[in-house]
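Coordinate analysis (summary)
As a plain string of letters, each chain reads:
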Amino acid sequence: MGWLLKATINRCLAASCVCLVLPFSAQALEFAELALQYGKGPGTGLGYTGDVGLDDSNKNYRLVEFFNWQVTPRFSGQIEAIYQKDIRPDGNGQNWISLGVRPAYAITEQFKLVTELGHDQVEAPGGTRKLSKFTFALTWSPKGPGFWERPEVRLYYTYASWNEAAKRAANELAQGSALSDTGAFGTALHGANVGLQVVEISDAVGARAPSALQRKRTKPQVKS
């Protein structure tokens, strides 16, 4: 089913979920999008088939908004915000908020300075899990200074911090992950890394909660 008013409604196959997307544009605002997703039962995966054992009393709502800007040929960026509410009659519901911004400034036609700030927060039984990160990247963009020009080669530094609730969730749901006691940072509540990243396709701001902050998913999963 569907209707159109500068919008597209898609029904996910093999799951009861609906996505409403509202694109628009404005001066100095290169592109913006508002998406509303709703799923119940197995449709709570919101993009893949979720737990097939869930009935229709289990519901997920997700609101996603992001926009890109290209104020000048050299200054660009993207902002993204996500809110998700999981309703579970067994009392294991949770609320997820994710915010991210990635400004970029081209110092030449092929080199950019890119930063990214992100924060994720999940209100769940057992405490509110929090993760914040900062990334700086010296970026080579051979096709030009635009935000979406690819490929890009990024030499980056990332610093992140998280709280005890996030670490407890990681120990329970994602052992061996960076936030867990058995991960790269041990019992610490912060960490940093340096690396080289080659990006061949467009990627959005990484405002996504890591698996350690989210509820454990039940397999099998089928990506849409």
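About the cut-offs
Residues numbered from 1 in each chain as written. Predicted model: local features only at pLDDT ≥ 70, side-chain atom pairs only at ≥ 80, totals over all residues. Heavy atoms only, no water. UniProt positions renumbered as here; feature names shortened; annotations may be inferred. Buried < 20%, exposed > 50% of the residue type's maximum accessible area, 1.4 Å probe, protein only. Helix = DSSP H or I, 4+ residues; strand = E, 2+ residues; numbered from the N terminus. Contact = heavy atoms within 4.5 Å. Salt bridge = Lys/Arg side-chain N within 4 Å of Asp/Glu carboxyl O. Polar contact = N/O pair within 3.5 Å; in protein donor to acceptor, adjacent residues only side chain to side chain.

- You'll find the chain entered in an unreviewed UniProt entry as LamB porin, with Azotobacter beijerinckii given as the organism.
- The heading Sequence similarities (unreviewed entry) in the UniProt record of the chain holds the text "Belongs to the porin LamB (TC 1.B.3) family."
- Recorded in UniProt under Subcellular location (unreviewed entry), the annotation for the chain is "Cell outer membrane".

1. A short note on helix H1 (residues 164–173)
- When we look at burial in H1, the residues that qualify are Ala165, Ala166, Lys167, Ala169 and Ala170.
- Contact partners of the buried residues in H1: strand E8 (127–140) and strand E9 (152–162).

2. Let's talk about the pattern of salt bridges
- Going through the model one piece at a time under the given rule, you end up with 7 salt bridges.
- For Arg102, the salt bridge is made with Glu116, and the minimal N-O distance between the two is 2.8 Å. Pair noted here: Arg102 is in strand E6 (residues 94–106) and Glu116 is in strand E7 (residues 111–124), with a separation of 14 residues, a long-range link. Each member of the pair Arg102 and Glu116 is classed as buried.
- Across the salt bridge formed by Glu116 and Lys133, the nearest N and O atoms sit 3.3 Å from each other.

3. Remarks on the side chain of Gln70
- Along the chain, Gln70 turns up in strand E4 (residues 59–70).
- Side-chain polar atoms of Gln70 contact the backbone oxygen of Thr72, separated by 2.9 Å.
- Polar side-chain contacts of Gln70 include one of 3.4 Å to the backbone nitrogen of Phe147.

4. Describing the environment of Ala170
- In this fold, Ala170 is placed in helix H1.
- For the pair Ala170 and Asp181, spaced 11 residues apart in the sequence, the C-alpha separation amounts to 8.1 Å.

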